[in-house]
Structure formats: structure tokens, C-alpha cells
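One-letter residues, chain by chain:
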Amino acid sequence: MNHKQGLRFELAPTEDQAVLMGRHCGLSRVVENFCSETVRKKKAQRDAEKTYGIPEAELTRVPWSAPALEKEWRAAHPERYPWFAENRLSSRVPKEACRARAAGIRNYFESKNGKRKGARLGWPKWRKRKHGSRFRYDADRAKPLDSRTVKLPAVGEVTTREDMTWLVDRMATGNARILGATVREQAGRWWVSFQIEVDRDDINKRRRVDADAPACGIDLGLKTFAVIKNGDGTKEEIHAPKPLKAAQRALKRANRELARSGENSRNRAKVRRRVGRLHLRVADRRRDLLHKTTTRLTRTKSAIAVETLHVKGMVKNRGRARAISDVGFAEFARQLDYKADWYGSRVWKADRWFPSSKTCGACKRVNRSLALADRVWVCAGCGTVHDRDENAADNLLTAMLAGQTV
């Protein structure tokens, strides 16, 4: 069975290659903004023509689709952006930029009309340099040549800092194919991310969870990232490194220096890179914990019971927003879902209003007065003393097992 998956490798470009990739990042940004500008102007023109009584067939056409936007770009760039042809930049980058912007506009209208689930989406924002440097190739235009070399159109053969044998071997046997590639820069470092379709059956079978593996319930929190209660009665606690909190002092100092440095000065560029490196380290530490934890759980637990957290609503609490964002609850749940599908585990999600912390695990009485600050509480019905997090994990596990037997 084929799965869609992403693989990221760090690049080691030469100075000339880094300059070329930077130009492609700028090209992608320019094309996306051109698409937004074109759609807005054409739509405004069409709306004005309607008020003049012009027949429908003669109204200005709005280029909603990616092919229509690409056609507008090809017609406009020789005059408006002559540097595109002069610098011999890849034609695949504008194609993907048009596709991305068309998808964003379509998502906006589908969200507005109620056809798209989730939070309401706004009109695609005007892209600025501070929003990130990236560009994309379609299909397998960008691809690995060997375990240490990637071919990027209009850039050349770029060396990688990481070994790509896993991907190269599967491509050679026809078990993997590239659907697209994204090149991204952060803090002066470059990565290429391949979106692939791969046959993982051999890997998933080899690493499949044992049939007699225990089930577990997981309570997520800020004081202790995860309290895990296993079906055999054992308990485990996982403490998050809280990388953003640990980096706050260094970030404050670096941002202060950035604010005081001269505009467009060498010192400002140097401090900006330092700020970028600090944020990159924060993201890497958080990603490392989440991947290691979710991989271990889905390979060793037959079923996993977790809460359904409304993270978007939780971060509206100004006092806890930073701490909630620092641990990555939503990303933890997302990784559990797809890795459980890989390794044969199962994820059971409690209802958002399930009172896992307030329910007594012994008599099932619900303590409505339980406050967030109460880490240990005594049940008024049976007198049982509960650790808040352990009791919640145990209740989640019990609810999941009860649902399995129905």
C-alpha cells in the first residue's frame, strides 16, 4: 500500500548556489503577490463592468485557476519583470507559485461559503521577505542523483549534509516516487523537502506493534507534558524540555540588539541570523521530543487513548499561551494519528467535554468544583485521594476499553 510522506534533508550549497536559491525564493514571492494583485484587479474591473450593464459574455474574465494565473504571468513578465529571463531562473517555480496562490484563493471562498471545515480562512496574505524564504518544484524536477547529491533545476547539483540512501534505494526499485520538492532557508541554512509516494509495507510490517502490546491512556499537560497509564497498571511521565522558555533570556538579549542595530547594517544582518538560529534550535528541540515520543508509543502500544484538546481556544488565554504553544499539543496528536496507521496501533480520542480530570476513577463521581490549580484532590463520595494527571490518564484508558467491549 502506498503512503504519502515527507522527507527533509539539509543542503550544503556553494556561495553561488545559495545566491541562486535566494533568487528563486524572491521569484516565488513575486509571483504569488502578482497573482493576488491580478485577481483583485480583474475582479474589481468585472464588478464595475456589471454596473455599466455590459453583457455577461463580454465581462472581464477573472483568472481563478492555476493555469489562468500562469497565463497571466507569462504575458506580463517580459515587460514587468525582465530580470526573470535575464537571470535564467527556473520556469517551474512560477508554475508552482501560481498553483499555491490559486489553492489559497479557492480555500478562502470554500471557507466563506461553508464548504471547507475548520476555522474561517482569510484572503491569502501579501507575502513579504520576513514571512520566510522558500520555493517549490513540481513532480520530480528536483530529485536526488545519489545518496549525497540533489539536482535542482536552474541551480545545479547541490551536495547534502545528510545521507539519502533510504530514498535513493526505494526510487531505484520503483517503491517510491517524488511528487514535489520544496527548498527552504532558515537562519542561513538550506533544506530540501521531498513529498513522496512510497510503499511502506515492508517497513510497517517489520516495525508493527505486537498483538499483545498493552493499551494506554495519556493525559497531556503543562507541568508534566504526558502522564501515561498502561493497561498493566504501570505509570510513566514524560517531561517536555520547554525549549522556548529555556531560550527566552537569549532571545530577549538578541532581539534587543537587533532593535538597536542600524538599518541595513552588517551588524544587523549578523544579529538577525543569531535570532534565526535561536528560533531554529527551539523548533528542532520541540520536534525531536515529539517525533521520538510518538514513534515509541505507536510501536509499543496496541491502543492509545488521548484527549481532544481545543488548542486554538486554549492559546487565547494570555497567561498560558506561550507555555501551551511551547509543548506542541496539536502536533503531538497529528503525529500519533499517522504513525498509528503505519504501525498498526489505534488512537482513540475522547470527546472534548469528557471530564477526565474531574471524574473519580473509583466511584465515577464528577467533581465539578475542581480547579486547574488542584494537582491532588479527594473525592467527596468515596474519599479516594487522586493525583490529577494520573487519574485523568486512567479515566481515558478506562473509557477507551469500555468502548472496545461494547
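Scroll up to find the structure.
Residues numbered from 1 in each chain as written. Predicted model: local features only at pLDDT ≥ 70, side-chain atom pairs only at ≥ 80, totals over all residues. Heavy atoms only, no water.

### Brief notes about the overall build of the protein
Thinking step 1. Within the protein, the regular secondary structure consists of 12 helices and 14 strands.
Thinking step 2. Dimensions of the protein, computed from the C-alpha atoms along their principal axes, are close to 80 × 60 × 55 Å.
Thinking step 3. When the 406 residues of the protein are sorted by exposure, 40% land in the buried category.
Thinking step 4. For the protein, contacts bridging at least 24 residues in sequence account for 65% of all contacts bridging at least 6.
Thinking step 5. If you sum the accessible surface of the protein, you get close to 23,100 Å²; carbon and sulfur atoms cover 48% of it.
Thinking step 6. Averaging the locations of the 87 positively and 48 negatively charged side chains of the protein gives two centres separated by 6 Å. (Helix = DSSP H or I, 4+ residues; strand = E, 2+ residues; numbered from the N terminus. Buried < 20%, exposed > 50% of the residue type's maximum accessible area, 1.4 Å probe, protein only. Contact = heavy atoms within 4.5 Å. Areas by Shrake-Rupley, 256 points an atom, 1.4 Å probe, with all protein chains shown as cover. Lys, Arg positive; Asp, Glu negative; His and termini not counted. Charge placed at Lys NZ, Arg CZ, Asp CG, Glu CD.)

### Side note on the sheet that holds strand 12 (residues 346-349)
Thinking step 1. With mixed pairing, the 5 strands of this open sheet are ordered in space as 10-9-8-11-12. At either end of the open sheet lies a strand with only one pairing partner, and these are strand 10 (235-238) and strand 12. Strand-to-strand twist of the sheet, defined as the mean angle between neighbouring strand axes without regard to direction, takes the value 20°.
Thinking step 2. Looking at chain direction, strand 8 (residues 216-220) and strand 11 (residues 303-306) are connected through 3 bridges and run parallel. In the sheet register, Cys216 faces strand 11, and the bridge partner there is Ile304. (Pairing = 2+ DSSP bridges. Axes fitted to C-alpha atoms, helices over the stretch in contact; angles between N-to-C directions.)

### Let's talk about the side chain of Arg127
Thinking step 1. By secondary structure assignment, the location of Arg127 is in the loop between helix 4 (92-112) and strand 2 (133-138).
Thinking step 2. Looking at Arg127, the relative accessible area reads 6%, which means it is buried.
Thinking step 3. Of note is the side chain of Arg127, whose polar atom sits 3.3 Å from the side chain of Glu32.
Thinking step 4. The residues touching Arg127, leaving out its near neighbours within four places in the chain, are Ser28, Arg29, Glu32, Asn33, Arg101, Gly132 and Arg134. (Polar contact = N/O pair within 3.5 Å; in protein donor to acceptor, adjacent residues only side chain to side chain.)

### Section: the nonpolar core
Thinking step 1. Ranked by size, the top nonpolar core spans 42 residues in total, and within it Leu11, Met21, Tyr137, Leu152, Val183, Val192 and Phe194 carry the most contacts.
Thinking step 2. Only strand 1 (2-11), helix 1 (15-51), helix 2 (66-80), helix 4, strand 2, strand 4 (149-152), strand 6 (176-186) and strand 7 (189-199) provide two or more residues apiece to this core.
Thinking step 3. Sort the elements by how many residues they give to this core and helix 1 lands first, with 7 residues.
Thinking step 4. Setting aside anything within four residues of it in sequence, one finds Leu11 in contact with Met21, Val150, Leu152, Val158, Thr159, Thr160, Arg161, Val183, Trp190, Trp191 and Val192.
Thinking step 5. Core analysis: the next-biggest nonpolar cluster, separate from the first, contains 18 residues, Cys216, Leu220, Ala226 and Val327 among them. (Core = buried A, V, L, I, M, F, W, Y, C linked by side-chain atoms within 4.5 Å.)

### So, helix 2
Thinking step 1. Given a rise of 1.5 Å per residue, 15 residues ought to cover 21 Å, and the 20 Å separating the end C-alpha atoms of helix 2 matches this to within 8%.
Thinking step 2. The largest bend along helix 2 reaches roughly 25° and is located at Arg74, with the proline Pro78 sitting one to four residues downstream.
Thinking step 3. Against the buried residues of helix 2 lie helix 1, helix 3 (83-86) and helix 4. (Expected span 1.5 Å × (residues − 1). Bend = angle between axes of the 7 residues up to and from the residue.)

### As for the packing of aromatic side chains
Thinking step 1. Enumeration over the complete set of coordinates arrives at 15 aromatic pairs.
Thinking step 2. Aromatic side chains Tyr338 and Trp342 sit 5.1 Å apart centroid to centroid with 70° between the ring planes, which places their arrangement in the edge-to-face category. Of the two residues, Tyr338 and Trp342 are both situated in helix 11 (residues 329-343); the distance of 4 residues between them amounts to about one turn of the helix.
Thinking step 3. Every member of this aromatic cluster is reached through a ring pair, and the members are Phe34, Trp73, Tyr81, Trp83 and Phe84.
Thinking step 4. Residue placement shows Arg200 over the ring face of Trp342; its charged tip is 3.6 Å from the ring centre.
Thinking step 5. Here the guanidinium or amino end of Arg299 rests over the ring plane of Tyr343, the centre of that ring lying 5.0 Å away. (Phe/Tyr/Trp six-rings, centres within 6.5 Å; stacked < 30°, edge-to-face > 60°. Lys NZ or Arg CZ within 6 Å of the ring centre and 35° of its normal.)

### As for the pattern of salt bridges
Think of it this way: side chains of opposite charge can pair up when their charged atoms draw near.
Thinking step 1. For the structure shown, the criterion picks out 30 salt bridges.
Thinking step 2. Here Glu390 makes a salt bridge to Lys229, at a shortest N to O gap of 3.8 Å. A residue pair is termed long-range when its members are at least 10 positions apart, and Glu390 in helix 12 (residues 388-405) and Lys229 in strand 9 (residues 226-230) qualify at 161 residues.
Thinking step 3. Residue class for Lys229 comes out buried when judged on its relative accessible area of 11%. (Salt bridge = Lys/Arg side-chain N within 4 Å of Asp/Glu carboxyl O.)

### Side note on the environment of Ala283
Thinking step 1. You can see Ala283 is positioned in helix 8 (residues 266-300).
Thinking step 2. Ala283 sits 120 residues away from Gly403 along the chain, and the two C-alpha atoms are 37 Å apart.

Read these as geometric descriptors, not functional statements.
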